[in-house]
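# Structural features, examined
Each chain is listed here by its residues.
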Amino acid sequence: MTMGRKLPDHSAMSSSSQGPNAEDARLEPLELMKRKDTLEKELMELHTALQAQNADLGQSLIDDEGFPRADIDVYNVRLSRVRVIELRNDLRGLSDKIKELLDVVFARPEPSEVDEKVIPIEEILAKPFASCNGVAPGSPAATAGLLRGDKFLRIGSINSTNHESLRAVATEVQANENRTVTIDVLRVQEGSVEETKISLVLIPKAWAGRGLLGCHIIPI
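Procedures and definitions
Residues numbered from 1 in each chain as written. Predicted model: local features only at pLDDT ≥ 70, side-chain atom pairs only at ≥ 80, totals over all residues. Heavy atoms only, no water. 1 Å grid on protein atoms, 1.4 Å probe; cavity = no way out; pocket = protein on both sides within 12 Å on 5 of 7 lines; lining within 4 Å. Points joined across faces, edges and corners; volume = space filled by probe spheres on them. Helix = DSSP H or I, 4+ residues; strand = E, 2+ residues; numbered from the N terminus. Nonpolar A, V, L, I, M, F, W, Y, C, P; charged D, E, K, R; others polar. Buried < 20%, exposed > 50% of the residue type's maximum accessible area, 1.4 Å probe, protein only. Core = buried A, V, L, I, M, F, W, Y, C linked by side-chain atoms within 4.5 Å. Contact = heavy atoms within 4.5 Å. Pairing = 2+ DSSP bridges. Axes fitted to C-alpha atoms, helices over the stretch in contact; angles between N-to-C directions. Salt bridge = Lys/Arg side-chain N within 4 Å of Asp/Glu carboxyl O.

Let's shift gears to empty space enclosed by the protein. One pass over the structure, following the stated rule, counts one cavity of 30 Å³ or more. Within this model, the largest cavity holds a volume of roughly 30 Å³. In this structure, the largest cavity is lined by Leu146, Phe152, Ile155, Ile183, Leu202, Leu213, Cys215 and Ile217. Sorting the residues of the lining of the largest cavity by element identifies β2 (151–155) and β5 (215–219) as the ones contributing at least two each. A class-by-class count of the residues in the lining of the largest cavity yields eight nonpolar, no polar and no charged.

Rendered as structure tokens:
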């Protein structure tokens, strides 16, 4: 059962006159990001409710004697768990589609005088919204090449407009466990005083430490 709406197929995108214009190409990722924000909010609410009952994914619904736990509504908990899985799948699909659309936007030439009034999505993704305050040795973040002091421009589909005080970052990471996530950061290279944009590929996954990243991210 698929709970998310069917997403348009952009595999046949071209620069022909029948293809999407520049404005459509920039607006559609933003619409999908709004949809993603809605799903992330629902997912966070479900996680909070399940954690309050000590019934989050991975926790047993059976007591020590092998009977269904009497302290929770097992039926509703199971329904919530199913919905969590559905939301994670939908978020993965949205993240992939947003990445695909962003790749198309970034591949387009600079706006001409004809579409000067279009708000470029490049500007939206040029503002850092968080910084890395530390990276644990041997962590997925360290493997990806993330460094202390890096400023985040984008973490997957999360940027300065939709990070929700970094709550959306946690959801993005969970939804992409064991999958590649593209990260854009600003970094001051050694011997320089200017910031340079760098793209990294991170794979959130379980490791010897806490969490799926192994880095401390703080808002700017």
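A positive phi is found at Asn54, a non-glycine position, where the angle reads about 55 degrees. Here Asn54 is to be found in the loop between α1 (22–52) and α2 (74–107).

Moving on: the environment of Pro137. Residue position: Pro137 is located in the loop between β1 (130–135) and α4 (140–144). Its relative accessible area of 76% is what places Pro137 among the exposed residues. Spatially, the C-alpha atom of Pro137 lies 9.3 Å from that of Cys215, the residues being 78 residues apart in sequence.

As a further point, take the nonpolar core. Counting residues in hydrophobic clusters, the biggest one holds 22 residues, and the most contacted among them are Phe129, Phe152, Ile155, Val169 and Ile217. Listing elements by their share of this core, those giving two or more residues are β1, α4, β2, α5 (167–175), β3 (181–188) and β4 (195–202). Those residues within four positions of Ile155 in sequence are excluded, and the remaining contacts are Phe129, Val169, Glu172, Val181, Thr182, Ile183 and Ile217. Grouped together as the second largest cluster of nonpolar side chains are 19 residues, Leu32, Leu50, Ala55 and Leu102 included.

Further remarks concern the pairing of β2. By the criterion of burial, β2 is predominantly enclosed, with four of the five residues buried. Sheet topology note: the β2/β3 ladder contains four bridges and is antiparallel. By the bridge assignment, Lys151 is partnered in β3 with Leu186.

This part is about the sheet that holds β3. Strand order in the open sheet made by the five strands is β4-β3-β2-β1-β5, with antiparallel pairing throughout. Among the strands making up the open sheet, the edge pair consists of β4 and β5. Pairwise comparison of adjacent strand axes, ignoring direction, gives a mean angle of 35 degrees for this sheet. Strand direction decides the pairing type here: β1 and β5, joined by five bridges, are antiparallel. Bridge assignment links Gly134 to a residue of β5, and that residue is His216.

Turning next to the layout of surface pockets. There is about 240 Å³ of room inside the largest pocket. Lining the largest pocket are Leu166, Val169, Ala170, Val173, Gln174, Arg210, Gly211, Leu212, Leu213, Gly214, Cys215 and Ile217. Every element with two or more residues in the lining of the largest pocket is listed here: α5 and β5. For the lining of the largest pocket, the element with the most residues is α5, which contributes four residues. Here the lining of the largest pocket is composed, by residue class, of eight nonpolar, three polar and one charged.

Applying the stated rule across the entire model yields eleven salt bridges. The shortest N-O distance in the salt bridge between Lys36 and Glu172 comes to 2.3 Å. Here Glu172 lies in helix α5 and Lys36 lies in helix α1, a separation of 136 residues in the sequence. The burial state of Lys36 is the same as that of Glu172; both residues are buried. Of the charged contacts in the structure, one is a salt bridge between Asp150 and Arg187, with a shortest N-O distance of 2.7 Å. In this pair, Asp150 sits in the loop between α4 and β2 while Arg187 sits in strand β3, placing the two residues 37 residues apart along the sequence. Sharing partners across several salt bridges, the network here consists of Lys36, Glu40 and Glu172.

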